[in-house]
Amino acid sequence: MLRELTFIIDTNGYAWARNMKRLLQQTCKTVSKSTEKCLGDKELANLQKRYRNILTRGAKELPDISAQAQRQTR
């Protein structure tokens, strides 16, 4: 997944992809440092909140597919 996000960042420069990549890397680091090798309830809730926030912002950042398709058919 990190490779795909890196490709999206490099080709399109989308902030949502950069944020998602950062979130995944930070989460991996947090889990690796944990003695239980899992997230606690508070950490999981924070992860879910950040994940949803990134998706919401990403939906606003991406171009409208229907408008893009209409331009291509003209």
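This structure is a prediction, so every number in the text was calculated from the model and none was measured.

(A) Representation of the packing of helix α2 (residues 15-33) against helix α3 (residues 41-61) in the model. The interhelical angle for the contact between α2 and α3, taken along N-to-C directions, is 165°, at an axis separation of 9 Å. Classified by the angle their axes make, α2 and α3 are roughly antiparallel. The chirality of how α2 crosses α3 is left-handed. In contact with A15, W16, N19, M20, L23, Q26, T27 and T30 of α2, α3 contributes E43, L47, R50, Y51, I54, L55, G58 and E61. When its residues are assigned to classes, the contact of α2 with α3 shows eight nonpolar, five polar and three charged.

(B) Summary view of the environment of R22. With respect to the helices and strands, R22 occurs in helix α2. Among the residues examined, R22 registers a relative accessible area of 39% and is labelled partly exposed. When the C-alpha positions of R22 and L5 are compared, they lie 9.9 Å apart, and in sequence the two are 17 residues distant.

Cut-offs applied
Starting afresh in each chain, residues are numbered from 1 along the sequence in its written order. With the structure being a predicted model, the display of local features is reserved for residues of pLDDT at least 70 and the display and counting of side-chain atom pairs for 80 or more, all residues being used for whole-chain, interface and lining totals. Values reported for side chains reflect all heavy atoms of the structure, with hydrogen atoms and water molecules removed beforehand. Angles here are taken between N-to-C directions and fall from 0 to 180 degrees, while the axes themselves are lines fitted to C-alpha atoms, restricted in helices to the stretch in contact. In this text, helices come from DSSP runs of H or I with a minimum length of four residues, and strands from runs of E with a minimum of two, each type numbered from the N-terminal end. For classification, angles of less than 35 degrees are called roughly parallel, those exceeding 145 degrees roughly antiparallel, those between 65 and 115 degrees roughly perpendicular, and all remaining angles oblique. What makes a crossing left-handed is the near helix being turned counterclockwise from the far one by less than a right angle; a clockwise turn instead makes it right-handed. Only heavy atoms enter the contact rule, under which two residues are in contact if any of them lie within 4.5 Å. Throughout, the ten residues Ala, Val, Leu, Ile, Met, Phe, Trp, Tyr, Cys and Pro are labelled nonpolar, Asp, Glu, Lys and Arg are labelled charged, and all others, Gly among them, are labelled polar. Burial classes follow relative accessibility: with a 1.4 Å probe on protein chains only, a residue under 20% of its type's maximum area counts as buried, one over 50% as exposed, and anything between as partly exposed.

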